[in-house]
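This is what each chain is made of:
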Amino acid sequence: MGCYDCCMRCLGGVPYCSLVATLLCFSGIALFCGCGHQALTETERLIETYFARNLQDYITLAYIIQYFQYVIYGLASFFFLYCIVLLAEGFYTTSAAKQTFGEFRSTMCGRCLSSSFIVMTYVLAVLWLLVFAFSALPVYFFYNMDATCHTIDVLTETPASINQLCVDARQYGLLPWNAVPGKACGMTLSTVCKTREYRMTYDLYIAAFAGAGITLLALLTYTVSTTYNFAVLRYLGRKGIVARC
């Protein structure tokens, strides 16, 4: 067998769907966890500097942010390991298994393992859909804040109306209702929007939201891939034909 035939046989055993899904999952989780962690840190700094004067007003928010940062550490570790396992399962159900170990045999254990991955990946996709929706909330908050600042810049010639334009962090549940000042109005709000911390936090939340979307796409791709592999294992396993997805 020539080198070309050998290379083509090896390439034919690559689970391309699982490989693409793994790359998407790694990049999505890296964006979501990395940018989300830093965005939470910058959010705490913004709230502390511009929306709350008393430590007791934002101490609960600080604890929640710290809790979510620990959750992010766990998510990064879990998805890294889970994606590696799914990629290995994809390689197992390609023709590479047949070429390496001889005639393919579909065992009950193998089918149960594949079906378990289908259920787990489907459940993760549903749960991550909630995470994706939740990650849109800070983007919505900063979008409204940015729109209000743009309106203030347009109405700079009428200071009286500018002072009525505010962003109240208490309305979004970030601070208790007795927090002082709890909101930023007029030129103070415009100054906040021009700070480097604000722009960076806004961009980080957008990147984290995009990362959550990429991860959701990866999980859906995994679901399709594992379902296809299981169907082929079940239907054509005895004939020695294995999945290539």
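Note that the structure is predicted; figures quoted are calculated from it, not measured. (Residues numbered from 1 in each chain as written. Predicted model: local features only at pLDDT ≥ 70, side-chain atom pairs only at ≥ 80, totals over all residues. Heavy atoms only, no water.)

A short note on the side chain of Ser 190
Here Ser 190 is to be found in helix H7 (residues 186-193). For Ser 190, a relative accessible area of 2% corresponds to the buried category. Apart from the residues within four sequence positions on either side, Ser 190 is in contact with Cys 149, Ile 152 and Asp 153. (Helix = DSSP H or I, 4+ residues; strand = E, 2+ residues; numbered from the N terminus. Buried < 20%, exposed > 50% of the residue type's maximum accessible area, 1.4 Å probe, protein only. Contact = heavy atoms within 4.5 Å.)

As for the state of the cysteines
Enumeration according to the criterion identifies two disulfides in this entry. Linked covalently through their sulfurs, Cys 149 and Cys 193 form a disulfide whose S-S length is 1.7 Å. On the sign convention where negative means left-handed, the S-S torsion of about 50 degrees between Cys 149 and Cys 193 marks this disulfide as right-handed. You can see Cys 149 sitting in helix H5 (residues 108-154) and its partner Cys 193 sitting in helix H7, a full 44 residues away along the chain. Each member of the pair, Cys 149 together with Cys 193, is buried. Residue Cys 166 pairs covalently with Cys 185 via a disulfide, S to S 1.9 Å. Between Cys 166 and Cys 185, the disulfide has an S-S torsion of 110 degrees and is therefore right-handed. Of this pair, Cys 166 sits in strand E1 (residues 166-168) while Cys 185 sits in strand E2 (residues 183-185), placing them 19 residues apart in sequence. You can call Cys 166 partly exposed: its relative accessible area is 29%. Just so you know, Cys 33 is unpaired, no disulfide at all, and the nearest cysteine sulfur is the one on Cys 25, 9.6 Å from it. (Disulfide = S-S within 2.5 Å.)

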